[in-house]
Amino acid sequence: MTQNPPKDQPFWLTTPLEAMSSEQWESLCDGCGRCCLVKLEDEDTGRIFATDVGCRLFEAGTCRCRDYPNRSQKVPDCVTLTPEEVRTLPWLPPTCGYRLVAEGKDLPWWHPLVSGDPETVVAAGVSVRGRVFANEDEIPEEEVAERIVNWPLRWPRAARGKGA
């Protein structure tokens, strides 16, 4: 006899990505801004490198897109996440709510859906707030490779614990 999950479990533990409402889907984004940083791919190895350079539409102070509804038209290489994309994109940060849910994991203590506070993303060191060097339109393209950093593709120490 199979048991039904407890009624008090949050939607991200009981609802497949494909079955989520638009509101549920969008709420999985923790607002960290890591996916809005420019990534570079080594053509020979396929390895992905993150930079501390934001997309041209990225607002570093709020970690939000300046024109979210029209981002794909204004930035042709902007990826609109889908459940399939979430499961296959190698550059999604390990802290990404979409990625965690796709992997069958719970959301961490600092995720706004868990904490009830969007500032816990900052407190946990997950947010890019204060760490973005410039937007891609503000520096020469040939200098972007000089801005490669490791932190966007790693778990911050503070984010691993059960609270700040």
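Being a predicted model, the structure only gives us computed values, none of them experimental.

Thresholds, definitions, all that
- Residues numbered from 1 in each chain as written.
- Predicted model: local features only at pLDDT ≥ 70, side-chain atom pairs only at ≥ 80, totals over all residues.
- Heavy atoms only, no water.
- Helix = DSSP H or I, 4+ residues; strand = E, 2+ residues; numbered from the N terminus.
- Buried < 20%, exposed > 50% of the residue type's maximum accessible area, 1.4 Å probe, protein only.
- Salt bridge = Lys/Arg side-chain N within 4 Å of Asp/Glu carboxyl O.
- Pairing = 2+ DSSP bridges.
- Polar contact = N/O pair within 3.5 Å; in protein donor to acceptor, adjacent residues only side chain to side chain.
- Contact = heavy atoms within 4.5 Å.
- Phe/Tyr/Trp six-rings, centres within 6.5 Å; stacked < 30°, edge-to-face > 60°.

Focus: unusual backbone geometry
Line of reasoning, step 1. In this structure, Cys63 is a non-glycine residue whose phi angle is positive, near 60°.
Line of reasoning, step 2. Inspection of the secondary structure assignment puts Cys63 in the loop between β3 (58–59) and β4 (64–65).
Line of reasoning, step 3. Since its relative accessible area comes to 5%, Cys63 is described here as buried.

Quick look at the pattern of salt bridges
Line of reasoning, step 1. Inspection of the entire model under this criterion finds nine salt bridges.
Line of reasoning, step 2. Two residues, Arg56 and Asp137, come together in a salt bridge whose shortest N-O distance is 3.3 Å. Residue Arg56 is located in the loop between β2 (48–54) and β3, and its partner Asp137 is located in the loop between β5 (134–135) and β6 (148–149); the two are separated by 81 residues in the primary sequence.
Line of reasoning, step 3. A relative accessible area of 32% places Arg56 in the partly exposed class.
Line of reasoning, step 4. Between Glu59 and Arg66 there is a salt bridge, and its shortest N-O distance comes to 3.2 Å.
Line of reasoning, step 5. When its relative accessible area of 30% is taken as the criterion, Glu59 is described as partly exposed.
Line of reasoning, step 6. When salt bridges with common partners are traced through the structure, they connect Arg56, Glu136 and Asp137 into a single cluster.

Brief notes about the pairing of strand β1 (residues 37–41)
Line of reasoning, step 1. Inspection of the sheet shows β1 paired to β2 by four bridges, in the antiparallel sense. By the bridge assignment for β2, Leu37 is matched with Gly54.

Some remarks on the side chain of Asp67
Line of reasoning, step 1. Here Asp67 lies in the loop between β4 and α3 (71–74).
Line of reasoning, step 2. Side chain to side chain, Asp67 and Asn70 meet in a polar contact 3.0 Å long.
Line of reasoning, step 3. Excluding residues within four positions of it along the chain, Asp67 makes contact with Leu57 and Lys74.

As for the environment of Val128
Line of reasoning, step 1. Inspection of the secondary structure assignment puts Val128 in the loop between α7 (120–123) and β5.
Line of reasoning, step 2. A sequence separation of 95 residues divides Val128 from Gly33, and the C-alpha atoms of the two residues are 5.8 Å apart.
Line of reasoning, step 3. Beyond its immediate chain neighbours, meaning those up to four positions away, Val128 contacts Cys32, Gly33, Arg34, Leu37, Phe58, Cys63 and Trp151.

With respect to the packing of aromatic side chains
Line of reasoning, step 1. Per the counting criterion, the structure on display carries three aromatic pairs.
Line of reasoning, step 2. Ring geometry for Trp110 and Trp155: centres 6.1 Å apart, planes at 65°, overall edge-to-face. With Trp110 in the loop between α5 (97–102) and α6 (112–115) and Trp155 in the loop between β6 and α8 (157–160), this residue pair connects regions lying 45 residues apart in the sequence.
Line of reasoning, step 3. Since its relative accessible area comes to 0%, Trp110 is described here as buried.

Details of the side chain of Thr15
Line of reasoning, step 1. When you line up the elements, Thr15 lands in the loop between α1 (11–14) and α2 (22–27).
Line of reasoning, step 2. Those residues within four positions of Thr15 in sequence are excluded, and the remaining contacts are Met20 and Gln24.

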